[in-house]
Amino acid sequence: MYRKPDDDRLDEAIRAVIKRERHVRSQTAMAELVLNELKRDREDYRISGERIRKVAIERGILEIGIEYNMHDGRSHADVCPVCGYPTDAVSNTTLDGRDADIGYECTKCPYQTGLRKRMPGRYTFSEGRPPDAVKDRISLVRDVTKLMKKAAALVERATEGTEYRKRGMRCRDDIRRIISSNDNDNNLRDLIKDMDNRSKEQPEWSAPLPSVKSANRKDI
């Protein structure tokens with residue numbers, strides 16, 4: 001007979017392990033370390049690496065790294081194989097103005113895949129992650145992106161078959177350029193990418209960055 005720790009006790013054990021170890025090179029090693037920590041309370045505790053991983057991601061306890069294996073077949077929007085959250089399509093605007101999916105990414109964890117399916121092969125676990133406030137900001141921009149995609153589709157639908165069809169198509173294309181066009185330096189896709197990269201380089205960032213064009217001005 002064995003016993004499963006509740007999520008709060010598991011949270012404590014994961015935090016204790018990652019604070020002590022700083023970096024763990026595999027899920028198997030992480031499971032062994034966490035189990036040893038739990039057994040300080042009870043010898044009959046049992047825990048799986050998968051549950052440790054999902055609780056750690058759900059509660060934002062640590063930073064997880066993913067090494068991938070390529071698989072045959074195409075990716076599609078589905079449940080994330082790493083944490084169980086849904087995945088979203090990653091799209092780009094083609095030269096003729098159409099929106100084309102180029103892959104998928106998880107809405108919760110770092111999992112990403114191109115159109116050719118790839119699956120997690122190995123995990124690493126590290127102490128430290130961007131502050132919740134940074135993740136919340138990135139999440140807000142992602143939400144804006146989703147809403148604007150819906151808006152583009154609705155404008156096209158609303159003007160289809162009317163005298164305003166061409167204007168509707170122009171509005172749709174303008175919205176798409178804001179979302180992900182390579183011709184627009186201020187598109188939301190690159191904003192999300194830059195915010196995410198910035199948070200990894202300097203986790204404590206909070207002040208806005210100066211403009212490249214005006215960084216040397218003395219009146220700002």
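Throughout what follows, the structure given in this document is the object of discussion.

Conventions adopted
Residues numbered from 1 in each chain as written. Predicted model: local features only at pLDDT ≥ 70, side-chain atom pairs only at ≥ 80, totals over all residues. Heavy atoms only, no water. Core = buried A, V, L, I, M, F, W, Y, C linked by side-chain atoms within 4.5 Å. Buried < 20%, exposed > 50% of the residue type's maximum accessible area, 1.4 Å probe, protein only. Helix = DSSP H or I, 4+ residues; strand = E, 2+ residues; numbered from the N terminus. Contact = heavy atoms within 4.5 Å. Pairing = 2+ DSSP bridges. Salt bridge = Lys/Arg side-chain N within 4 Å of Asp/Glu carboxyl O.

### Regarding the nonpolar core
Here comes step 1: Within the largest apolar cluster, 29 residues are counted, with the highest numbers of intra-cluster contacts made by Ile14, Met30, Val34 and Val82.
Here comes step 2: Counting residues per element, the ones that place at least two in this core are helix H1 (7-21), helix H2 (27-38), helix H3 (49-58), strand S2 (63-74) and strand S6 (116-126).
Here comes step 3: In contact with Val34, other than residues within four places in its own chain, are Leu10, Ala13, Ile14, Val17 and Ile52.
Here comes step 4: Ile138, Met148, Ala152 and Ile192 belong to the second-largest nonpolar core, a separate cluster that totals nine residues.

### Some details on unusual backbone geometry
Here comes step 1: A positive phi angle, close to 70 degrees, is found at Arg22, a residue other than glycine.
Here comes step 2: Turning to its location among the elements, Arg22 is positioned in the loop between H1 and strand S1 (23-24).

### Here we look at the sheet that holds S2
Here comes step 1: Strand order in the open sheet formed by three strands is S1-S6-S2, with antiparallel pairing between adjacent strands. Either end of the sheet is taken by a strand with one partner, and the two such strands are S1 and S2.
Here comes step 2: In this sheet, S6 lies alongside S1 in antiparallel orientation, the contact comprising two bridges. Looking at the pairing, Val24 lines up with Phe125 of S6.

### Regarding the pattern of salt bridges
Here comes step 1: Enumeration according to the criterion identifies 19 salt bridges in this entry.
Here comes step 2: Residue Glu12 pairs with Arg9 through a salt bridge whose shortest N-O separation is 3.5 Å. Of this pair, Glu12 and Arg9 both sit in helix H1, three residues apart, which is roughly one turn of that helix.
Here comes step 3: The partner of Lys54 in a salt bridge is Glu50, with the nearest N and O atoms 3.0 Å apart. With Lys54 and Glu50 both in helix H3, this residue pair falls four residues apart, about one helical turn.
Here comes step 4: Take Lys54: its relative accessible area is 32%, and that puts it in the partly exposed class.
Here comes step 5: Ionic contacts of the salt-bridge type, sharing partners, join the residues Asp8, Asp11, Arg15 and Arg59 into one network.

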